Amino acid sequence: MTSSQTSKKQDLPPTAWAVLGLLSFPGERTGYELKKWADSSLRFFYWSPAISQIYAELRRLEELGYASSERSGPEEVRAKRRYAITDAGREALAGWAGDTADAGPPVLKHGLLLRIWLGHLAEPERLRAMVEDHMVRTRGELASVREAMEHAADVPEWAFPVLALRWSERQHLAELDLAGALLDDLREAGTRAAEAAARVPGTAVRQADGDAPTQG
């Protein structure tokens with residue numbers, strides 16, 4: 001491997017490793033097929049890259065010699081390019097996957113909680129409806145996770161992806177529990193707000209000052 005390739009290897013983003021990981025399972029796949037695989041596995045515990053990202057990473061991986069591609073012949077009505085991992089790519093991926101360095105903390109970007117945080121600008125009924133809608137979506141995602149688990153259950157090569165999907169199943173169940181508790185919290189907060197509004201005029205109500213609500 002040249003020094004230029006070594007430098008590029010060190011600079012590979014997680015998306016590139018994820019795409020190479022999709023290629024590490026048996027068979028050759030098109031970019032579209034890799035996107036479908038990501039949507040039925042990666043998105044449940046990491047995220048699913050856009051199709052444009054997948055093709056950009058495939059080009060990068062080919063440049064590094066980690067992936068190879070072959071265009072289909074005239075027997076197919078529509079020409080397709082299928083990709084496969086190379087021996088060098090498998091070796092690099094195994095090294096990355098087995099790296100004992102800290103993988104970093106999980107990153108949570110919870111759109112619903114951002115809106116709850118701004119709940120003082122919304123009607124309580126609307127906030128509760130948002131949480132209930134979130135629970136409906138989460139149940140749908142949970143069903144998709146379980147469908148993916150069932151699909152992969154009898155395939156020996158997918159034993160470890162099944163473990164990741166099983167973790168995702170537990171995470172979605174926990175999310176439903178958290179959302180249910182949040183509904184209870186919202187009801188309690190609504191009760192407190194109503195009680196505060198009914199207080200005798202002139203009663204002092206604590207207002208937030210310029211400091212953050214929690215100590216850093």
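One can find the structure itself at the top, above this paragraph.
Residues numbered from 1 in each chain as written. Predicted model: local features only at pLDDT ≥ 70, side-chain atom pairs only at ≥ 80, totals over all residues. Heavy atoms only, no water.

Peer 1: In this structure, what is going on with the environment of alanine 56? I would like to understand it.
Peer 2: Within the element layout of this structure, alanine 56 appears in helix H4 (residues 51–64). With a relative accessible area of 32%, alanine 56 lands in the partly exposed category. Sequence-wise, alanine 56 and alanine 16 are 40 residues apart; in three dimensions their C-alpha atoms are separated by 8.8 Å. (Helix = DSSP H or I, 4+ residues; strand = E, 2+ residues; numbered from the N terminus. Buried < 20%, exposed > 50% of the residue type's maximum accessible area, 1.4 Å probe, protein only.)

Peer 1: Honestly, the packing of aromatic side chains in this entry has me stumped. Any pointers?
Peer 2: Two measures describe an aromatic ring pair: the distance that separates the ring centres and the angle between the ring planes. Across all of its chains, the model carries four aromatic pairs by this definition. Taken together, the aromatic side chains of Phe25, Trp37 and Trp158 make up a single cluster linked through ring pairs. (Phe/Tyr/Trp six-rings, centres within 6.5 Å; stacked < 30°, edge-to-face > 60°.)

Peer 1: Whenever I open this one, the pattern of salt bridges confuses me. Can you help?
Peer 2: Opposite charge on two side chains makes pairing possible when the charged atoms of those side chains draw close. Across all of its chains, the model carries six salt bridges by this definition. The partner of glutamate 57 in a salt bridge is arginine 60, with the nearest N and O atoms 2.7 Å apart. Here glutamate 57 pairs with arginine 60, and both are found in helix H4, just three residues apart, close to one helical turn. Exposure remark for glutamate 57: the relative accessible area of 7% places this residue in the buried category. Residue arginine 60 is classed as partly exposed on the basis of its relative accessible area of 33%. The salt bridge partner of glutamate 188 is arginine 192, with a shortest N-O separation of 3.2 Å. One end of the pair is glutamate 188 and the other is arginine 192, both in helix H8 (residues 159–197) and four residues apart, which spans about a single turn. (Salt bridge = Lys/Arg side-chain N within 4 Å of Asp/Glu carboxyl O.)

Peer 1: Hey, could you run me through H4 in this one?
Peer 2: Structural remark: α-helix, 3.6 residues per turn; residues separated by three or four positions point the same way. Between the first and last C-alpha of H4 there are 20 Å, a value that for 14 residues agrees with the 20 Å anticipated at 1.5 Å per step. Restricting attention to buried positions, one finds in H4 the residues Ile54, Glu57, Leu58, Leu61 and Leu64. The arc enclosing the buried residues of H4, seen along the axis, measures out at 125°, which places them on a common side. Residues of H4 that are exposed and point over 90 degrees away from its buried face: Ser52 and Arg59. (Expected span 1.5 Å × (residues − 1). Arc of directions from axis to C-beta.)

Peer 1: Mind showing me how you'd approach the environment of alanine 38 here?
Peer 2: When you line up the elements, alanine 38 lands in helix H3 (residues 31–39). In this structure, the C-alpha to C-alpha distance between alanine 38 and leucine 22, residues 16 residues apart in sequence, is 7.6 Å. Sequence-distant contacts of alanine 38, defined by excluding residues within four places in its chain, comprise Leu22, Arg43, Ser48 and Pro49. (Contact = heavy atoms within 4.5 Å.)

These values are about where atoms sit, not about what they do.
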